[in-house]
Amino acid sequence: MNLVEQEHDAKKDHINEIVLSEDVQRAIEQVLQSSDPLDQPDFNPTDYINQLFPNEQSLSNIDEVIAKMECDISLIDDNIRSVVRGQVNTGENGRVALKEAQQSLTQLFALITDIKSRAEKTEDAVKEITRDIKQLDSAKNNLTYAITTLNHLHMLVGGVENLKRLSERRQYGEVLNPLQAIIEVNQHFQQYSEIAQIQTLSAQVQQIQSELATQITDDFKNFFSPTSHSNANRMTLTQLKDACQVASVLDKPVKKNILKWFINLQLQEYVQLFHENQDIAWLDKIDKRYAWVKRHLLDFEEKYGTVFPPDWEVSERITVQFCTITREELAKIVARRRTEIDVKLLLFAIQKTANFEQLLDKRFNGTTLVEATSEEVRPERGSFSSLIGSCFKPYLDIYTDSIDRELTALIEQFAQANQQMVVPKEINPGILPNCADLFVFYKKCMVQCMQLSNEKPMYDLVLLFKKYLREYAAKVLEARIPKPQPPNTTTSSISSSMSLLTKDFQNLSTAAGQVIHNFLKEGETPRFSSEDMRKICYILATAEYCLETVQQLEDKLKEKIDKQYVAKVDLSDEKDVYHRIISNCIQLLVHDLDAACEQSLLLMTKIAWHSISNVGDQSGFVNQIITNLKQTVPVIRDNLANSRKYYTQFCHKFVNSFIPKYINTLYRLRPTSSGSSSASGTAALVASASSSSLSEGGASSGAASGGNILGCEQLLLDTHSLKTVLMDLPSIGSQVQRKPPASYTKVVVKGMAKAEMIIKVVMQPVHPASLYIEQYLKLMPESSVVEFHKILEMKNVRKIEQQQLVEAYKRACPQLQQQPPASSATAGSQAVGAESGNSTQQSNEPPTSGGNSTQSQQIAAAAAAISGAGSSIMALGDSLMDKGRIKKIENLIKNRLPN
């Protein structure tokens, strides 16, 4: 029961707990500032009691503390009661205060209304006082306006009469100021145009202006007419100058008509002198046109420069009209005599015209061009550029056709000069000189075309550049890339060997060895000479220079050409052409070095690895590979000294090609003799063929069996030597040793590490099978079933045991059984056909479907000799491992038979 009461009290205390917001709490603290812990918002009774009674001894004064607490509680209760009682009358006090406020508002409203009425009365009094003053002020304004109007009317009436008198006397200097005043006054009286007298005066003013315009025009014509020199009434230059000032005040058409007539008069001689039927009007004498206008302008400014006001810009107007007439006349002449224009004449005319237009831009500011020319003719507002030269733009195809012919001749010249390409003797020969000549010519054409036009002719020039960049690549660079010539195929050795096979069965082993030796010799890939390799590097460096310069050319063309053609300027196809030439050159160098190493790899397959009795220095094929590398790589490196990135690319491609071939060659070897008496592939065939008989060769092979792995150890030593040489390949034969790129090192390490792992796996015993497969997976974790089968072939494991080991390997790696890697399958197919692939690819005489009877008889005889020679032939078949290889030998014989 006590527990229930405690829970009820706790809930009650929780319900009665008052939680105040932070703002209210801060307001209370500001009003009631207290340091008593009981007044704190975070008051904790337990902490407060522990503070009062920290230990048992302090409990002795508990009665005093309780008494003090009760006193404080009673004091607080008294305060609460007084506050509650004080709030009893709060409602009544509020109503009283509201009523008093309403009474105050009523009094305030009455006061405002009284003030407003007094203000209205005051305003009426002020208006009454100032009424007379306003009337007087309006009368003053009306009187002033009337006096001004009367004065203007007096000026208008008197000025009209005065203007008539002065204009009759041609006293233009005295006419100017009254005329300006009368025109302004007349504008003022336009609002009174309904008054008859004003209409009459206005009409008189208009008539005076019209008469002045006609009179001044006539005076100009009389002054500048050819017969005016004998006229006694001819005006003076001073009168003519004043007349120009008066014409400026008159309507704009007056000034315009005078200028039009005067400019046509000044150019009348030019039109007659350079008529299209005159010889002097042709393009070869175009500079005489510009010389004439220069002399005429000098003469005009000397005689009449002070007559016309500066703002009339008479000299500039004459020049603009001259340019317009010249453009129209030249357009007609060029259209009529187009067939007579050659590129030299056209460029001469354009150059003289451009120089003249530049001179005009320096002499005049071009203010009259806006009203004198059209926007189509004037590409740049305020400039004389192309004002005349625009007439030549439709004929600039003559220029581009000429450039086309020149480039054709230039490329043919380069191609002829490169028939006997001679590489400079220095170590780094640089580039072909004609390459720089081509781009110098391109620059000259681009600068010249910019002076003519940066629109369609410039785009046509871009198309020509694109065309002849491809022509240069094809006729000058690609045409001079050396190509290895296939060796002359002679059939005498094949025929003699075939005769041994068909006629002398007792010496069959010697004949078979001779046939294979001849096939291998014929399959040798031709090598480039040192001079050819230097030529390839020479062409590669030139292509690299072209590639970089083509990019700069594209950027410059986009900068210079008109905006509407910028998006069409694209030389990416031409850059791809030079990229392809560079790639082809690198591939040729790689193929050449690869071919040299193939002979060494072929020598590697002829070694009887299972018969090696001790491990010594590196094998002869390794020395041969190193010799080939030292003979070839330094030549390429020295000739690509300025193309370091492409030399590095060459090294990359070579190791990417050589290492897989080396691994495939390893798969063809039989370096151990662990329980099989069969020979090792083609190497055993050659070794046994060179002995006295096939049976003796088989016996010697069988004697070598017994778990010998010295051949593997020798191969491991040779592989490590090759790895060391390939790591230093970029700097081989160089006095300056450079660290090879990290990407190159990664390729070599990864590829040669796989070769080492293959040899180490072959060295492992196959029994017990589980331990062997475990070791195999540790050494070659990324292998496949095909590679596993090849390694078992290298170990000379019997077919039955191979099947068992393959099944165990598949059980250990079920994921490989479900999805074999495509690369392994491909490598397997390459390994199967590696023995005959090279000879077949190098053959230039493929078999025909319709061979003659002699050839068929020779094939039948060869097949009979191979398949029916008794036990010796069976031994030969065993050495070739399967029937597929025998079939390849037969196909090889067919390909080499004479037609």
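Residues numbered from 1 in each chain as written. Predicted model: local features only at pLDDT ≥ 70, side-chain atom pairs only at ≥ 80, totals over all residues. Heavy atoms only, no water.

1. Here's the deal with the overall build of the chain
Inference 1: Scanning the chain for helices and strands turns up 35 helices and zero strands.
Inference 2: Sequence separation of 24 or more characterises 79% of the internal contacts of the chain that already satisfy a separation of 6 or more.
Inference 3: Summed over its atoms, the accessible surface of the chain is roughly 50,700 Å², and 53% of this surface lies on carbon and sulfur atoms. (Helix = DSSP H or I, 4+ residues; strand = E, 2+ residues; numbered from the N terminus. Contact = heavy atoms within 4.5 Å. Areas by Shrake-Rupley, 256 points an atom, 1.4 Å probe, with all protein chains shown as cover.)

2. Description of the packing of aromatic side chains
Inference 1: Counting across every chain of the model gives 25 aromatic pairs.
Inference 2: Relative to Y304, the ring of F300 lies with its centre 6.2 Å away and its plane at 45°, an arrangement referred to as tilted. Residue F300 and its partner Y304 are located together in helix α10 (residues 286-304), separated by four residues, close to a single helical turn.
Inference 3: Assessed through its relative accessible area of 4%, F300 is described here as buried.
Inference 4: A network of ring pairs unites the aromatic residues Y270, F274, Y290, W292, F322 and F356 as a single cluster.
Inference 5: Positioned over the ring face of Y459 is K568, at 5.7 Å from the centre of the ring. (Phe/Tyr/Trp six-rings, centres within 6.5 Å; stacked < 30°, edge-to-face > 60°. Buried < 20%, exposed > 50% of the residue type's maximum accessible area, 1.4 Å probe, protein only. Lys NZ or Arg CZ within 6 Å of the ring centre and 35° of its normal.)

3. Digging into the nonpolar core
Inference 1: F308, Y472 and Y578 are the most contacted members of the largest nonpolar core, which totals 182 residues.
Inference 2: Residues contacting Y472, with those up to four places away along its chain left out, are I411, F414, L432, N434, C435, L438, L477, T542, C546 and Y578. (Core = buried A, V, L, I, M, F, W, Y, C linked by side-chain atoms within 4.5 Å.)

4. Points about helix α14 (residues 397-417)
Inference 1: Here α14 contains 21 residues, and its C-alpha end-to-end distance of 30 Å stays within 8% of the 30 Å for a straight helix at 1.5 Å per residue.
Inference 2: Residues of α14 that are buried: I398, Y399, T400, S402, I403, L407, L410, I411, F414 and A415.
Inference 3: Lining the buried residues of α14 we find α12 (343-363), α15 (433-452) and α16 (456-477). (Expected span 1.5 Å × (residues − 1).)

5. Description of a nonpolar patch on the surface
Inference 1: Residues L20, V24, I28, V31 and L32 make up a contiguous nonpolar surface patch of roughly 450 Å² in combined accessible area.
Inference 2: Here V24 is to be found in helix α2 (residues 22-31).
Inference 3: Under the relative-accessibility criterion, V24 is labelled partly exposed at 38%. (Patch = residues over 30% accessible without salt bridge, like charges linked within 9 Å, V, L, I, M, F, W, Y side chains within 5 Å. Salt bridge = Lys/Arg side-chain N within 4 Å of Asp/Glu carboxyl O.)

6. Considerations on the side chain of S453
Inference 1: Mapped onto the secondary structure, S453 falls in the loop between α15 and α16.
Inference 2: Accessibility expressed as a relative area gives 6% for S453, which makes it buried.
Inference 3: Within the structure, S453 has its side chain in polar contact with the backbone nitrogen of E455 (distance 3.2 Å).
Inference 4: With residues up to four places along the chain from it excluded, the contact list for S453 reads K393, L396 and M458. (Polar contact = N/O pair within 3.5 Å; in protein donor to acceptor, adjacent residues only side chain to side chain.)

7. Observations concerning the state of the cysteines
Inference 1: Tallying each qualifying case throughout the model produces zero disulfides.
Inference 2: C585 takes part in no disulfide bond, and the closest cysteine sulfur, belonging to C537, lies 8.2 Å away. (Disulfide = S-S within 2.5 Å.)

8. Some remarks on the confidence of the model for the chain
Inference 1: Looking at the chain, pLDDT values average 75 and 73% of them are 70 or higher.
Inference 2: No element of the chain has a lower mean pLDDT than helix α24 (residues 694-704), which averages 31, and none a higher one than α16, which averages 92.
Inference 3: Across residues 675-706 the pLDDT falls below 50, and counting only partners more than four positions away or on other chains, this stretch makes 45 contacts in the model.
Inference 4: Confidence drops under pLDDT 50 across residues 892-899; counting only partners more than four residues distant or on other chains, this segment forms 26 contacts. (pLDDT = per-residue confidence, 0-100.)

9. Considerations on the environment of S619
Inference 1: Counting through the fold element by element, S619 comes out in the loop between α20 (572-605) and α21 (620-639).
Inference 2: Side chain to side chain, S619 and Q714 meet in a polar contact 3.4 Å long.

10. Quick notes on the UniProt feature "coiled-coil region" (unreviewed entry) in the chain
Inference 1: Here the UniProt feature "coiled-coil region" (unreviewed entry) sits at residues 112-139.
Inference 2: Secondary structure within residues 112-139 divides into 100% helix and 0% strand; the distance between the first and last C-alpha atoms comes to 40 Å. (UniProt positions renumbered as here; feature names shortened; annotations may be inferred.)

11. Focus on the environment of S613
Inference 1: Along the chain, the position of S613 falls in the loop between α20 and α21.
Inference 2: For S613 and I709, which are 96 residues apart along the polypeptide, the C-alpha to C-alpha distance reads 9.3 Å.

12. Some remarks on the packing of α12 against α14
Inference 1: For the pair α12 and α14, the least separation of the axes is 9 Å and the interaxial angle reads 130°. Classified by the angle between their axes, α12 and α14 sit oblique to one another. The way α12 lies across α14 gives a crossing that is left-handed. Judged by residue contacts, V343, L346 and L347 of α12 engage I398, Y399 and S402 from α14. (Axes fitted to C-alpha atoms, helices over the stretch in contact; angles between N-to-C directions. Parallel < 35°, antiparallel > 145°, perpendicular 65-115°, else oblique. Left-handed = near helix turned anticlockwise from the far one by under 90°.)

13. Some thoughts on the pattern of salt bridges
Inference 1: With the rule as written, the count across this model stands at 29 salt bridges.
Inference 2: A salt bridge links K754 to E787; the nearest nitrogen and oxygen atoms lie 2.9 Å apart. Placement of K754 in helix α26 (residues 742-763) and of E787 in helix α28 (residues 785-794) is noted, with a sequence separation of 33 residues between them.
Inference 3: Residue classification places K754 among the partly exposed positions, given a relative accessible area of 33%.
Inference 4: Since its relative accessible area comes to 4%, E787 is described here as buried.
Inference 5: In the salt-bridge network here, residues are joined through shared partners; they are E412, E471 and K475.

14. So, the packing of helix α22 (residues 644-668) against helix α25 (residues 710-727)
Helix-helix packing: each pair is described by the crossing angle between the helix axes and the interaxial distance.
Inference 1: Where α22 meets α25, the axes come as close as 13 Å, and the angle between the chain directions of the two elements is 175°. The orientation of α22 with respect to α25, classified from their angle, is roughly antiparallel. Contact residues: α22 offers F654, V655, F658, I659, Y662 and L666, while α25 offers L715, D718, T719, L722 and L726.

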